[in-house]
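Descriptive analysis of the structure
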Amino acid sequence: MIADQIPLWAGIPASILLVLGGLLALTGSAGLLRFRTFYARIHAPTLGNTMGCGCVLLASILVFSALSARPVFHEVVITLLLIVSSPVTAMLLMRAATYRNRINPADAERDAR
C-alpha cells in the first residue's frame, strides 16, 4: 500500500493519460491486424504504440514527480530513448522489406497476402 496519497491535481491528468495511452496502443494494434501490406502494417503500430507509450510515460512522470515532490528524470530518459528508437526501428524494417522486394518481387507479393 502506498503511504502517500496521490494528489488530485496529479491523479486526474494521469488517469486521463493512461486511458488515452491504452486507446492509442489498442488503435495501433488494431491497425496491425487490419491492414494488408507490410508497409501499411508497420505504420499504425509505430505511431499508435509510440504515442500510447508516451502517454503512459507522461502519466508516470506526473505521478512520481508529485509523490516525491521533485522532478523525476529516469522516465524522461526512457521517453527520449523511445522517441529516438521507434522511428529508427520502423525505418530499418521498411528498408529491409524494400530490399527484399527488389530481390524477389514474386515472393514478396505472395508473403503480403
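Here is what the cut-offs are and how they apply
Residues numbered from 1 in each chain as written. Predicted model: local features only at pLDDT ≥ 70, side-chain atom pairs only at ≥ 80, totals over all residues. Heavy atoms only, no water. Helix = DSSP H or I, 4+ residues; strand = E, 2+ residues; numbered from the N terminus. Buried < 20%, exposed > 50% of the residue type's maximum accessible area, 1.4 Å probe, protein only. Contact = heavy atoms within 4.5 Å. Areas by Shrake-Rupley, 256 points an atom, 1.4 Å probe, with all protein chains shown as cover. pLDDT = per-residue confidence, 0-100. UniProt positions renumbered as here; feature names shortened; annotations may be inferred. Lys, Arg positive; Asp, Glu negative; His and termini not counted. Salt bridge = Lys/Arg side-chain N within 4 Å of Asp/Glu carboxyl O.

Named according to an unreviewed UniProt entry, the chain is Cation:proton antiporter originating from Achromobacter pulmonis.

Further remarks concern the overall build of the chain. Scanning the chain for helices and strands turns up 4 helices and 0 strands. Each helix (α) and strand (β) of the chain, taken in turn from the N terminus, gives the series α-α-α-α. Taking all 113 residues of the chain together, the buried fraction comes to 26%. Sequence-distant contacts in the chain: of pairs separated by 6 or more residues, those separated by 24 or more amount to 65%. Counting only carbon and sulfur atoms, one obtains 73% of the accessible surface of the chain, whose full area is about 8100 Å².

This next bit is on the confidence of the model for the chain. As a note on interpretation, predicted positions should not be read in detail where pLDDT is low. Mean pLDDT for the chain: 83, with 88% of residues reaching 70 or above. Mean pLDDT in the chain bottoms out at helix α4 (residues 105-112), which sits at 61, and peaks at helix α1 (residues 8-34), which reaches 90.

On to the UniProt feature "transmembrane region" (unreviewed entry) in the chain, then. UniProt's entry tags residues 6-26, 47-67 and 73-94 with the feature "transmembrane region" (unreviewed entry), counted in the numbering of this structure. With 90% helix and 0% strand, residues 6-26 has end C-alpha atoms that lie 27 Å from one another. This span, residues 73-94, is 95% helix and 0% strand, and a straight line between its end C-alpha atoms measures 32 Å.

In this fold, Leu47 is placed in helix α2 (residues 38-68). For the pair Leu47 and Ala25, spaced 22 residues apart in sequence, the C-alpha to C-alpha distance is 8.9 Å.

Before going further, it helps to examine the side chain of Glu75. Note that Glu75 resides in helix α3 (residues 74-103). In this structure, Glu75 is buried with no salt-bridge partner, the nearest side chain bearing the opposite charge being Arg70 at 8.5 Å. Here Glu75 is in contact with Leu57, Ser60, Ile61 and Phe64, once residues within four sequence places are set aside.

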